[in-house]
Amino acid sequence: MQPHQPPRLAKIAILSPPYGALTYHLPGWLDESQWREGQRVAVPMGKGLRVGVILGLENEGVDEENCGCSHGLDSGPACLCPNATPQDSSAPDSPAADSTLSLARKKFTLKPILWPLEREPLISSSYLELARQLALRHTTTPGRILAGVLPAGLRTAKVKIRFFGSGRPVDIQVKDLQSKTDEDLKACGGQWERGEAQVIATGWSAPDQEICVLAHDPPWPVRPVAKQQIALLEHLFTHGAVTRRSVLASLGNEFAATLRTLVDRGLVCIRPADEPFSFGLEPDDEKELALCLGPDGASKAHVVPVLPDTGFLHHPQAGRDGVRTPQPSRSTDASPSTLPPASLSALSTVPEPEFAFTPEQREAFDKLSRSLFSGKPATELLFGITGSGKTAIYLELARKALDGGKSVLLLAPEVALALKLWADVERCIPSAVRVLFHGYQSAGARETAFRNLARFKGPVIIVGTRSALFLPGRDIGLIILDEEHDASFKQDEGLIYQAKEVAWYRAMQDNALLVLGSATPDIKSFYAAATGLVPMHRLANRVGGGSLPKVELVIMPKSAGPRGLLAEESQRALHETVARGEQAVILLNRRGYAPILCCLDCGKTAKCPHCDISLAYHKGRERLLCHYCGWSAHFPCKCSECRGFHFLPMGQGTEKLEEDLLTAFPAGTGILRLDRDSTRRPGRMQEILAGFAAKDASVLVGTQMLSKGHHFPDVTLVVVADADLGLNLPDYRAAERTFQLLLQSSGRAGRGKIPGRVLIQTRDPSHYCWQYVKTADYEGFYEEELALRKRRRYPPFVRLGLIRLSYPADYDQGAEVIQSLALKLRAAGKEHGVAVLGPAPAPLAFLKGKKRFNCLLKAADWSQIRALYNAVFLKARLGKITPALDLDPVNMM
């Protein structure tokens, strides 16, 4: 009689709370060959069903040492160093029935995995290792990391299995497999192994494949009493393009008739989910795909077409300008892939593909090219003034990497810049297989892009924002972070990560070149270059021999005059610029109509009920809006204090500034506005940028998304309407961010043949920042700022961590627990060599219904900060206190 063989085990990262790493055994109804590392699976937990990812398969029983909760923090790397050998992050194994393993002192009863959710893993071993390293870096579990980076559709167990073995398809919900007998499951498993079954999403129906989008910007021609119509329009304005099912799930089925009414009136349009991302595929494209992609997704032909289910992988059939002419769209909206070639060309900032580098560009390109194919990972800084041709170098490097069979990641901090880079790639590398990926796209579109890239095996160029770093690209040879200094590369809510660190690690994994490009580098990046840790390449001159614009300071008016925020000198310069047929850009980093609404009867300001923040007035939407939690109310409304109706808008946002300019200039003078509100409707951002590039408007008003990257040769005047915004925030980076914003904004002027002029409006002309902005002296500012940081012990001379503590406003014991934690933190700080400042009320002390406290940590090494956090919080009883550790914080609010 053969001895009993213990079942083979799998460690599963659960993609929902508690995000642990649990151990299951492989089921008897499927052969062991059907399970692989990185595969998504459905597993039972409690009375429900969860989705997990197989972290590893084990041939032997679980030993007691690996069953506990261990994050391996002490062996965790600093800055995601791949040479470290950290422990696996795990959570206690799942109590269940069906199989018992005898351990030294305990017995564990394990449940079997229920079913695989894919045949071939979407997640590679290197991707799993990235998740493990991020988990160690941020003191969490791989399940929490994967749940934060995978598209929502890959984290749901609400899917069906379609079985074809009976001659006609039979759909079974995965959750219903739990009630099947072992014999039935064995029969189902046989069909799966023979290829007679496939996983399908339950949402494959018309309501989920139809997207509802706004057809017009507010104000909408809707009667005030039509509350359901207003609610639906506001929902679409807030959430963007969403499925019909999502609309009805959020608002109720009674809104189905309302939706039909708005569609009939032309205020809302409904289109297929994949339409915005299609290049107008011909009927034969699907056949072409079958010919060009083998059964394993490998390319068989020289040309790889657009994948017909998404349009995210673009390889257009070259026309006269290298872009396939799209079919007429059924929607009035335009996305990056449906804009006509003329619009794409208008957004592009680089010359035709056959251009000649300047000597500076050639020198930098040649050095970067040597690193690109050195076979070793490298990180290098491209430091070039605005207009010096950094984008041209990016594109030539990308072309060279793609020709060498390597994939490319080209990332920007904001969607507007990503779209500009996408237009550049469209124009200069039209033959490349390319992907556009950013947060404004629908969840279904992002999921499709992830799936397609997971199975695509050829070189591809991915253009997008920070989240594109987590797409499963293969054989990455080049990663470029344009405007690397921008704070948007750091995500500080939900899953916290720094895109530069993730990019560095991915470059290390694939022996790729990481290029950090900026005219105003992050001080820490420039310090690394200045001290010899990172090679630096300089571009000190503008392409075409143009000079940097003249920068002048203008004292802001003490109160808003008849023309609002702009001083007389700024108004005069604007009128002169427009009269000459030139263009102007006005930067005001504050959206909405007015940031404050004051009650004239009692003097109180309208505030958010969930935050201690003033509500901003948005005139076009007739709403009061909290810019932090998103709460809104219809306006006009009653004062919450005196119930009066008399309000005075105070201050100015971009919406008010646009209104003032429309009255200040003659009728017919084009005024455009670019901010988060004006670009909600899909395609609207590209329309605004392309319209201004085509000189449909003389003045463009916008927030900081206007400040960098864009190339408008006819812009000769830039006005920074309120340069002091952000300068005095309680953040050690406040001066650096202001300097970067203003220098980048200045770079929008004088990029053509006519010299530019920049007017910076300020209330404090004596601040040391201005002298360096006026002379565009980055290195002078760097030296002064570095000396201040060294004296005050801030990065790059120290490692910084921020512990955020929050609790519900009605939690009476919150203050007491915070005081207790303060004592523990200070004691642990002495033990681990960490300076502890706080906890103290956060600058935004009440936000989203929670009271907030910050605790700043300073240490010589990241491991000291992680060790302190673990010592205090890993096993502490916190009640309703929620802690979060942010390493190297960029948002101190």
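Refer to the structure printed above.
Keep in mind the model is a prediction, meaning the values are calculated, not measured.

Participant: What is the right way to read the overall build of the chain from this model?
Facilitator: What the chain contains, in helices and strands, is 23 helices and 37 strands. Within the span of the chain, comprising 893 residues, buried residues form 56% of the whole. About 37800 Å² of surface is accessible on the chain, with carbon and sulfur atoms providing 51% of the total.

Participant: Which parts of the structure should I look at to understand the environment of Leu134?
Facilitator: Structurally, Leu134 can be placed in helix H1 (residues 125–137). C-alpha separation for the pair Leu134 and Tyr505, spaced 371 residues apart in sequence, amounts to 9.7 Å.

Participant: Help me understand the side chain of His767, please; the structure alone is not making it clear to me.
Facilitator: Looking at the secondary structure, you find His767 in the loop between strand E33 (757–762) and helix H20 (768–774). At 3.0 Å, the side chain of His767 forms a polar contact with the backbone nitrogen of Cys769. In contact with His767, other than residues within four places in its own chain, are Leu727 and Ala735.

Participant: Looking at this model, I keep getting lost on helix H12 (residues 415–428). Mind explaining?
Facilitator: What sets the pattern is the α-helix's 3.6 residues per turn: residues three or four places apart point alike. Here H12 is 14 residues long and its end C-alpha atoms lie 20 Å apart, about the 20 Å a rise of 1.5 Å per residue gives. Most of H12 is tucked away, with 13 of its 14 residues classed as buried.

Participant: Can you help me understand the sheet that holds strand E3 (residues 40–45) in this one?
Facilitator: Strand pairing in a sheet relies on backbone hydrogen bonds. The paired strands run either parallel or antiparallel. With antiparallel pairing, the 5 strands of this open sheet are ordered in space as E2-E1-E4-E3-E7. Pairing within the sheet leaves two strands with one partner each, and these edge strands are strand E2 (21–25) and strand E7 (115–116). Where E3 meets E7, 2 bridges bridge the pair, whose relative direction is antiparallel. Across the sheet, Ala42 pairs through a bridge with Trp115, a residue of E7.

Participant: Whenever I open this one, unusual backbone geometry confuses me. Can you help?
Facilitator: In terms of backbone geometry, most residues other than glycine have negative phi values and most peptide bonds are trans. For the peptide bond that leads from Pro17 to Pro18, omega is 10°, which places it in the cis range. Here the residue pair Phe635 and Pro636 is connected by a cis peptide bond, since its omega of 10° sits within 30 degrees of zero. Following the sequence through the fold, Pro636 ends up in the loop between strand E28 (632–634) and strand E29 (647–650). With a phi angle near 55°, Asn511 is a residue other than glycine that sits in the positive phi range.

Participant: Help me out: how do you make sense of the nonpolar core in this one?
Facilitator: The nonpolar side chains of soluble globular proteins are, as a tendency, buried together. Core analysis: the largest hydrophobic core is formed by 161 residues, its most contacted members being Trp115, Leu146 and Leu478. The greatest single-element share of this core, amounting to 9 residues, is contributed by H12. Beyond its immediate chain neighbours, meaning those up to four positions away, Leu146 contacts Ala13, Leu15, Val53, Ile123, Tyr127, Leu128, Ala131 and Arg155.

Participant: How should the sheet that holds strand E31 (residues 699–702) be read in this particular structure?
Facilitator: In space, the 6 strands of this open sheet follow the order E23-E33-E32-E24-E31-E30, with parallel pairing throughout. Of all strands in the sheet, those bounded by a partner on one side alone are strand E23 (550–555) and strand E30 (671–674). Direction aside, neighbouring strands of the sheet carry axes that sit 20° apart on average. With 4 bridges joining them, strand E24 (residues 583–587) and E31 adopt parallel strand pairing.

Participant: Where do I start with the environment of Ile200 in this structure?
Facilitator: By the element assignment, Ile200 lies in strand E10 (residues 197–201). What makes Ile200 buried here is its relative accessible area of 4%. Linking Ile200 and Asp171, residues 29 residues apart in sequence, is a C-alpha distance of 8.9 Å. Ignoring sequence-local partners within four residues, the contact set of Ile200 consists of Val159, Lys160, Arg162 and Asp171.

Cut-offs used in this document
Residues numbered from 1 in each chain as written. Predicted model: local features only at pLDDT ≥ 70, side-chain atom pairs only at ≥ 80, totals over all residues. Heavy atoms only, no water. Helix = DSSP H or I, 4+ residues; strand = E, 2+ residues; numbered from the N terminus. Buried < 20%, exposed > 50% of the residue type's maximum accessible area, 1.4 Å probe, protein only. Areas by Shrake-Rupley, 256 points an atom, 1.4 Å probe, with all protein chains shown as cover. Polar contact = N/O pair within 3.5 Å; in protein donor to acceptor, adjacent residues only side chain to side chain. Contact = heavy atoms within 4.5 Å. Expected span 1.5 Å × (residues − 1). Pairing = 2+ DSSP bridges. Core = buried A, V, L, I, M, F, W, Y, C linked by side-chain atoms within 4.5 Å. Axes fitted to C-alpha atoms, helices over the stretch in contact; angles between N-to-C directions.

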